Amino acid sequence: MKIKKAVIPVAGKGTRFLPVTKEIPKEMIPILNKPMISLVVEEAIASGITEIIFVTARGKESIADYFDRNQALETFLELADKKSQASQIREIGEKVEIFTVRQKEQLGLGHAIKCAESLVGDEPFVVLLGDDLMENSYPATKQLIDVHEEKKGSAVIGLIQVPQEETSKYGIIDGVDLGDDLYELKSMVEKPNPADAPSDLAVPGRYVFTPEIFKYLEKIEKGKGGEYQLTDAIKLMAEEKKVFGKKMEGQRFDTGSMEGYIEATVAFSMRDKSLKEALLNAVEKYK
Ligand code: G1P
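Computed from a prediction, not measured in an experiment: that's the story for all the values here. The numbers attached to residues start from 1 for each chain and follow its sequence in the written order. Side-chain atom pairs in this predicted model are given and counted only at pLDDT of 80 or more, local residue features only at pLDDT of at least 70, and totals for whole chains, interfaces and linings cover all residues. The side-chain values count all of the structure's non-hydrogen atoms but skip hydrogen atoms and water molecules.

Caption draft 1: Local environment of unusual backbone geometry. With an omega of 10°, the peptide bond between Leu 18 and Pro 19 qualifies as cis. Note on conventions: DSSP H or I runs of at least 4 residues are helices, E runs of at least 2 residues are strands, and numbering of each starts at the N terminus. Along the chain, Pro 19 turns up in the loop between β1 (5-9) and β2 (30-31). Phi angles above zero are rare outside glycine, and Asp 180 is one such case at about 55°. Looking at the element boundaries, Asp 180 is found in the loop between β9 (171-179) and β10 (182-190). For Asp 180, a relative accessible area of 72% corresponds to the exposed category. Note on classification: 1.4 Å probe, protein chains only; a residue is buried when its accessible area is under 20% of the maximum for its type, exposed when over 50%, partly exposed between these limits.

Structure (C-alpha cells):
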C-alpha cells in the first residue's frame, strides 16, 4: 500500500530554545526565511507524502496556520505586483492536506504517536521528528519507504552512526547487520549510557510504521524519564515481527540544539551567493 500519511509530533515545549519558545513554537523558528517545520514537511512531500498529521498542543496553532492559504496576503501581494511572492506563499498552502490532533498531556513521544491513531487509520505511515533536518536529493524518508516496500511492508527505522559518547541522546538499536546499511532489529533501548549501549546506531527521528505499532504503544509502561517511549513499543514489536533499520544517506543537522541550529543556518547561507559573502564578511569582522 502506498504511504501517503506522515505523523509529525509538534507538541513539545522547546525548552532548549527558551525564552523565544515561551510564545513561538520551536518548529516555527526559521532557518533563514523558512520555519524549520517547513523543511521537515518538504522532506515528507518529496518522499511522496500528501497528508500531514500534526500532533499538536495549545499555543501551537501557528504551525497549521502556516500551511493554510492566506488569501488576504496573496491578494495584497498581487495588487502590489509581487506576483512571484504571491505564488510562493500560495504554494505552501496547496501542497499538502493538514490534519491536527491535540496531545492533551505531554506524556512522551510514544503517547504523542498514539494520539494520531484514529487519523492514521488502517494504513502504513511515516513519522518525522522535527529536531533533525535530513538533506539529500534522495530524501531520507523516501529511503526508508523504499526499504519498507522491498521488505513486504515491514516497519523500518532510520539510523545514523553516532560517536559512542553520544548514545545517551538517542534511541539506540541492537541489530543484525544484513549488509548494504540494512539491519534487522533484535532490540532497541532509549538513551543508554555509552557503556551500556548495544551499538552506535542511533535513531534521529525518521520511521516507517504499520498500524500494528499502535497495539504495542497500548502495551508499554512508562519508561525512560517517566514517559511513554516510542522506543519501547518498537522493542516489543521487534520481539514479534521483523523490524528493519536502515542507515540513511545524506547531510543531517541536529536543529534541536543551538549548535546544530547555527550549523544549519551557516550551511544554508553558504549556498546563497549574496548571503555567503555577507556571512563570510561578518565572521571576519566578529571572529
Ligand atoms: C526522541 C526519541 C529518541 C530519538 C530522538 C531523535 O527523543 O525518543 O529515541 O533518538 O527523539 O531526535 P527526544 O530527543 O525527543 O528526547
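Moving on from the model shown.
Caption draft 2: Region of the structure containing the site of the ligand. If a single non-hydrogen atom of a residue is within 4 Å of a molecule or strand, that residue counts as near it. If you check the shell around the ligand, you find Leu 109, Leu 129, Asp 132, Tyr 170, Gly 171, Glu 190, Lys 191, Val 203, Pro 204, Gln 229 and Thr 231 and nothing else. Between an oxygen atom of the ligand and a side-chain N or O atom of Lys 191, the distance comes to 2.6 Å. Separating an oxygen atom of the ligand from a side-chain N or O atom of Thr 231 is a distance of 3.4 Å. All accessibility values rest on the Shrake-Rupley procedure with a 1.4 Å probe; residue burial counts only the protein chains present in the view. Relative to its unbound accessible surface of 380 Å², the ligand loses 78% to contact with the protein. When residues are sorted by character, Ala, Val, Leu, Ile, Met, Phe, Trp, Tyr, Cys and Pro go into the nonpolar class, Asp, Glu, Lys and Arg into the charged class, and all the rest, Gly among them, into the polar class. Here the residues of the shell around the ligand are counted per class, giving five nonpolar, three polar and three charged. Within 3.5 Å is the distance limit for a polar contact, defined as a pair of N or O atoms, with the added protein rule that one can donate a hydrogen and the other accept it, and that residues adjacent in sequence qualify only through two side-chain atoms.

Caption draft 3: Expanded view of the packing of helix α3 (residues 71-79) against helix α4 (residues 83-94). Only the contacting stretch of a helix is used when fitting its axis, a line to C-alpha atoms as for every element, and angles between N-to-C directions run 0 to 180 degrees. Between α3 and α4, whose axes approach to 7 Å, the crossing angle comes to 165°. Here α3 is positioned roughly antiparallel relative to α4, judged by the angle of their axes. Crossing angle aside, the handedness with which α3 passes α4 is left-handed. Between α3 and α4, the residues in contact are Leu 73, Glu 74, Leu 77 and Glu 78 and Lys 83, Gln 85, Ala 86, Ile 89 and Arg 90, respectively. Each residue belonging to the contact of α3 with α4 can be placed in one class, and the counts come to four nonpolar, one polar and four charged. Oblique is the label for any angle not under 35 degrees, not over 145, and not in the 65 to 115 range, which are roughly parallel, roughly antiparallel and roughly perpendicular in turn. Two helices that cross are described as forming a left-handed crossing if the nearer one is turned anticlockwise from the farther one by less than a right angle, and a right-handed crossing if clockwise. By definition, residues are in contact when any of their heavy atoms lie within 4.5 Å.

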